[in-house]
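Per-entry structural report
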Amino acid sequence: MNHILVLGGTGFVGRSVLERLVRRNGGGGGGITVPTRRRAHARHIQSLPTVEVVEADVHDPRALATLLQGQDAVIHLVAILHGSTADFERVHVTLPRSLAAACHVAGVRRLLHVSALGVAADAPSDYLRSKAAGEAALIASPLDLTVLRPSVIFGARDRFLNVFAELQALAPMVPLACADARFQPVWVEDVAEALARALDRPSTIGQVIEAAGPREATLGELVKLAGQWSGHRRLVLPLPAPLATLQARMMELMPGEPLMSRDNLRSMQVDNVCDSNCR
């Protein structure tokens with residue numbers, strides 16, 4: 001499969017996936033198409049060999065149909081962590097449904113979809129419920145589908161551990177919501193490697209694969225490690241539920257993307273660790 005469309009390729013995970021795909025292709029022998037609404041958002045990947053950046057809105061069915069022409073496979077990475085119920089529905093449910101329909105029309109059967117640990121129709125958060133609905137829509141389609149469910153993904157350019165490291169460089173202590181929430185962090189390069197391998201292994205078609213690192217940790221432990229590794233370890237102060245909710249609400253009202261939202265708090269009620277299907 002030499003012609004690959006990567007949706008969400010300009011993001012944190014997308015960059016590592018593209019670098020791995022370029023190595024897979026040996027710097028040639030196939031094209032990788034990455035759509036973005038604004039070409040300026042893709043400056044960091046434009047120099048990668050065989051990667052073509054195209055300005056397009058993947059939420060537009062006509063644009064999606066055009067992007068799929070001549071492709072052998074699709075890797076779907078588009079996701080959001082914050083937003084309204086309508087935002088989650090549009091990104092996590094409507095887009096996968098549109099993608100499945102467009103792939104069918106274009107004759108593109110192979111699709112790799114990145115979901116998340118803990119997704120379920122009855123999950124407590126909009127994020128987890130919407131991811132579950134989008135995943136279900138793809139599973140119900142006739143595509144040659146592989147679903148990867150990672151735990152929280154970390155790496156040199158992540159917006160998780162790095163944010164907490166930066167926060168500890170500025171603040172004398174970290175008031176932390178859901179400090180006991182459990183995660184099993186997975187390195188972004190391992191996620192990229194898993195996707196590249198799945199692309200070349202027909203045996204992964206029809207599988208839902210959980211992906212996590214070798215160690216479980218609470219959010220509080222991870223925040224302390226971020227401070228330690230950055231040289232700015234601070235006191236982590238766990239917040240009781242009412243104060244955590246208040247803190248998240250205040251963050252939602254601040255300009256820019258919030259560090260924590262109330263929907264994030266609801267997501268963390270579900271342990272983000274893998275079961276026996278973990279790879």
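Just so you know, these numbers come straight off a predicted model, no measurement behind them.

1. Points about the overall build of the chain
- Helix and strand counts for the chain stand at nine helices and 13 strands.
- Taken against the 2.2 N^0.38 rule, which gives 19 Å for 279 residues, the C-alpha radius of gyration of the chain at 19 Å falls within 12% of a compact globule.
- Relative to its 279 residues, the chain shows a buried fraction of 50%.
- A sequence separation of at least 24 residues applies to 74% of the contacts in the chain between residues at least 6 apart.
- For the chain, the exposed area adds up to about 13300 Å²; of that, 55% sits on carbon and sulfur atoms.
- A distance of 3 Å separates the average location of the 29 positive side-chain charges in the chain from that of its 27 negative side-chain charges.

2. Quick look at the nonpolar core
- Formed by 31 residues in total, the largest nonpolar core has its most connected members in Val6, Val17, Leu21, Ile32, Ile75, Leu77 and Leu195.
- Among the secondary structure elements, those contributing two or more residues to this core are β1 (4–7), α1 (12–24), β2 (32–36), β3 (51–55), β4 (73–76), β5 (110–114), α6 (188–199) and β11 (208–211).
- Counting residues per element, this core draws most heavily on α6, which supplies seven residues.
- For Ile75, the residues in contact, after removing those within four places along its chain, are Ile4, Leu5, Val6, Leu7, Val17, Leu21, Leu112 and Leu195.
- The next biggest cluster of nonpolar side chains, apart from the first, holds 24 residues, and it includes Leu176, Phe183, Ala217 and Leu265.

3. As for unusual backbone geometry
- The residue Thr50 is not glycine, and still its phi comes out positive at about 70°.
- Positive phi values are uncommon outside glycine, yet Cys178 reaches one of about 55°.
- Topologically, Cys178 is positioned in the loop between β8 (173–176) and β9 (182–183).
- When its relative accessible area of 24% is taken as the criterion, Cys178 is described as partly exposed.

4. Structural notes on helix α7 (residues 219–230)
- Here α7 is 12 residues long and its end C-alpha atoms lie 17 Å apart, about the 16 Å a rise of 1.5 Å per residue gives.
- Burial in α7 covers these residues: Leu219, Gly220, Leu222, Val223, Leu225, Ala226 and Gly227.
- On the buried face of α7, the contacting elements are α5 (161–170), β8, β9, β12 (217–218) and β13 (235–238).
- In the stretch just after α7, Gly231 is the one whose phi turns positive, near 80°.

5. Digging into the sheet that holds β3
- Ordered by their spatial adjacency, seven strands build an open sheet running β3-β2-β1-β4-β5-β6-β11, and the pairing between neighbours is parallel. Whereas interior strands pair on both sides, the edge strands pair on one side only; in this sheet they are β3 and β11. On average, each strand axis in the sheet is inclined to that of its neighbour by 20°, with strand direction left out of account.
- As judged from the five bridges shared by β5 and strand β6 (residues 144–150), these two strands associate in the parallel manner. What sits directly across from Leu112, in β6, is Thr146.
- Across the sheet, helix α2 (residues 61–68) touches β1, β2, β3 and β4, and the angle it forms with β1 is around 145°.

6. Quick look at the environment of Val270
- Mapping Val270 onto the fold places it in the segment after α9 (262–267).
- Val270 gets classed as partly exposed once you look at its relative accessible area, which sits at 26%.
- In sequence terms Val270 and Leu259 are 11 residues apart; their C-alpha atoms lie 19 Å from each other.
- Sequence-distant contacts of Val270, that is, excluding residues within four places in its chain, are made with Gly118, Pro124 and Leu128.

7. A word on a nonpolar patch on the surface
- On the surface, Met173, Leu235 and Leu237 cluster together into a nonpolar patch covering about 260 Å² of accessible area.
- Assignment of secondary structure puts Leu235 in strand β13.
- Since its relative accessible area comes to 53%, Leu235 is described here as exposed.

Quick notes on the rules
Every residue gets a number counted from 1 within its own chain, in the order that chain's sequence is written. In keeping with the predicted nature of the model, local features appear solely for residues at pLDDT of at least 70, side-chain atom pairs appear and are counted solely at 80 or more, and the whole-chain, interface and lining totals rest on all residues. Hydrogens and water are ignored here; the side-chain numbers use all heavy atoms of the structure. Numbering goes from the N terminus for both helices and strands, where a helix is a DSSP run of H or I of at least four residues and a strand is a run of E of at least two. Throughout, radius of gyration means the C-alpha value; the globule benchmark is 2.2 Å times the number of residues raised to the power 0.38. Here the term buried applies to any residue with accessible area under 20% of the maximum for its type, exposed to any over 50%, and partly exposed to those in between, with areas from a 1.4 Å probe on protein chains only. In this analysis, two residues are considered to be in contact whenever any of their non-hydrogen atoms come within 4.5 Å of each other. Method for areas: the Shrake-Rupley scheme with a 1.4 Å probe, in which residue coverage is limited to the protein chains shown. Counted charges follow a simple rule, with Lys and Arg positive, Asp and Glu negative, and His plus the chain ends left uncounted. One atom stands in for each charge, and that atom is NZ of Lys, CZ of Arg, CG of Asp or CD of Glu. Throughout, nonpolar core names a set of buried Ala, Val, Leu, Ile, Met, Phe, Trp, Tyr and Cys residues whose side chains join them through atoms within 4.5 Å. Expected span, for any helix, means 1.5 Å times one less than how many residues it has. Strands are labelled as partners when DSSP assigns at least two bridges between them. In this analysis an axis means a line fitted to C-alpha atoms, helices contributing only their contacting stretch, and an angle means the value between N-to-C directions, from 0 to 180 degrees. Residues enter patches when their relative accessible area tops 30% and they take part in no salt bridge; the joining distance is 9 Å for like charges and 5 Å for the nonpolar side chains Val, Leu, Ile, Met, Phe, Trp and Tyr. The term salt bridge refers to a pairing of a side-chain nitrogen on Lys or Arg with a carboxyl oxygen on Asp or Glu at a separation within 4 Å.

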